[in-house]
Amino acid sequence: ISFLGFDGAVYLMGWTGGYAGLALLLAPYLRKFGRYTVPEFIGDRYYSNLARVVAVIAAIFVSFVYAVPQVRGVGIAFIAVLGGMKGITWTQVVQYVVLITAYLIMGIALANLLTGNPIPQLAFTFSDFAVRLSELQVELGFKEYVAPFQNLSALNVFLITLTLMVGTAGLPHVIIRFYTVPKASDARWSAGWALVFIGLLYTTAPAVAVFSKYNLLNTLANKPVEEVRQIDWVQKWEQTGLLKLQDKNGDGILQMSANPDVNEVTIDRDIIVLSTPEVAKLSPFIVGLVAAGGLAAALSTAAGLLIVIASAISHDLYTRLINPGASEATKLLIARVVIFLVVVLAAPFGINPPAFIAQLVAFAFGLAASTFFPAILLGIFDRRMNMQGAVAGMIVGLVFTASYIIGTKYLGWPNFILGITAEGIGAIGMLLNFVVAYLVSRATPPPPEEIQHLVDEIRIPKGSAGSALEH
């Protein structure tokens, strides 16, 4: 948000709106269905091991892409080895408390320091800091901060927001959280409370973004190079290579500019949050707390992702298809080996990330939007949706979206579909999935009668899905 300005609101709207959709459309029905992973739901709802395997592949692919930025944030995340699904749920509760406390304290301290108002949301709304930042950026040759569509077109803002919304509702590691509540009605309450706390975080984020960027520019722009290099936090981040100072014209003054030939300060976007308390000269306690909050956030997400990948292989693939009689000890061993291998494979990408963290996360959401969301939504609300339609839709959505992301970001392809960026293409992949799934399902035989009855049953507010599945 610090770097994108107004257009960075796509992340706030997308991730918050996604939980609203999840609460209304998916969470209670999935809980009532009574299965514990997304591939398990898809395999049973679409009465097909092929559908299950496609879902397993998609779950691994989506979760691995999402795991890379988490490894980027914390190094190696072995926390998921310590407990099962409910253990991870409570671990994430504790980690969220650390995260939100750290983030709010930083936001409060920044707001009070710069505006005298300790409430970040009010300080942001009733101060002129966003306008002052906008003027400062224009003065330095950057795009206006508060003006819309400076970095993203209106179409891309809409599609990225939509992709993040439906991607949130289709993410396996988010969906499985709702299987740990006692009953179906609690799933909706759970999503509702999640929205409250997400709102608390995401209404603070724009304020922190503006204050951070303003502070950063004021500290570095047009300042003597040697003077800047004496600052503790500059020395530290320069040593990591994530902050680079180059006096290109030899005048001893740091120039910050949108023109790469003139710009003498290179900042890795991923350091903004962690460097902000030091830039603002806040107390060491707040600096440490923010670092702990960032660590907690990445560990929390990494734990959920590793559980998804491990369960997809040990539970959905090995136990359901290869060895149904496997012991709990064998399943646990396989899960732990899988977690170890995933962390090892993700580590090189975390050390040399193919994009900055928020962008990588957006790719994962796009893949989830284009594969799981249509299959789950149609599985709940369309009794005529069959195995052939679901499988065809998921394959088309996954292949199309993954190809576009890889091609446009890493193979030099232009954004050839209406200028849509890789972050927003998941919405188009989702639409293709819906269309293909619908057309194929109508051109092939309907699902068995018991599956159609099950679809009707899971939408009834009361009762347990277990009885419906057994019938």
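Residues numbered from 1 in each chain as written. Predicted model: local features only at pLDDT ≥ 70, side-chain atom pairs only at ≥ 80, totals over all residues. Heavy atoms only, no water.

A. Representation of the overall build of the chain. Scanning the chain from terminus to terminus reveals 19 helices and two strands. For 471 residues, the compact-globule formula gives about 23 Å, and the C-alpha radius of gyration of the chain, at 24 Å, lands near that figure. Judged by the C-alpha coordinates and their principal axes, the chain covers about 75 × 45 × 40 Å. When each of the 471 residues of the chain is scored for burial, the buried share is 52%. Here the contacts in the chain between residues at least 6 apart in sequence split such that 78% fall between residues at least 24 apart. A total of about 19,900 Å² of accessible surface is found on the chain, and carbon and sulfur atoms cover 67% of it. Charge centroids of the chain, computed over 29 positive and 28 negative side chains, lie 10 Å from each other. (Helix = DSSP H or I, 4+ residues; strand = E, 2+ residues; numbered from the N terminus. Rg over C-alpha atoms; globule rule 2.2 N^0.38 Å. Buried < 20%, exposed > 50% of the residue type's maximum accessible area, 1.4 Å probe, protein only. Contact = heavy atoms within 4.5 Å. Areas by Shrake-Rupley, 256 points an atom, 1.4 Å probe, with all protein chains shown as cover. Lys, Arg positive; Asp, Glu negative; His and termini not counted. Charge placed at Lys NZ, Arg CZ, Asp CG, Glu CD.)

B. View of a nonpolar patch on the surface. A surface patch of nonpolar side chains, amounting to about 560 Å² of accessible area, comprises Leu333, Val337, Phe340, Leu341, Val344 and Leu345. Here Val344 shows up in helix H14 (residues 328–351). Its relative accessible area of 43% is what places Val344 among the partly exposed residues. (Patch = residues over 30% accessible without salt bridge, like charges linked within 9 Å, V, L, I, M, F, W, Y side chains within 5 Å. Salt bridge = Lys/Arg side-chain N within 4 Å of Asp/Glu carboxyl O.)

C. View of helix H2 (residues 38–45). Across the eight residues that make up H2, a large majority, eight, are buried. Val38, Pro39, Glu40, Phe41, Ile42, Gly43, Asp44 and Arg45 are the residues of H2 that are buried.

D. Just empty space enclosed by the protein, in detail. Per the counting criterion, the structure on display carries four cavities of 30 Å³ or more. Looking at the largest cavity, the residues that line it are Phe211, Ser212, Lys213, Asn215, Leu216, Ile272, Ser275, Thr276 and Val279. Among the secondary structure elements, those contributing two or more residues to the lining of the largest cavity are helix H9 (184–220) and helix H12 (272–279). Here the element with the most residues in the lining of the largest cavity is H9; it accounts for five residues. Residue classes in the lining of the largest cavity are distributed as four nonpolar, four polar and one charged. (1 Å grid on protein atoms, 1.4 Å probe; cavity = no way out; pocket = protein on both sides within 12 Å on 5 of 7 lines; lining within 4 Å. Points joined across faces, edges and corners; volume = space filled by probe spheres on them. Nonpolar A, V, L, I, M, F, W, Y, C, P; charged D, E, K, R; others polar.)

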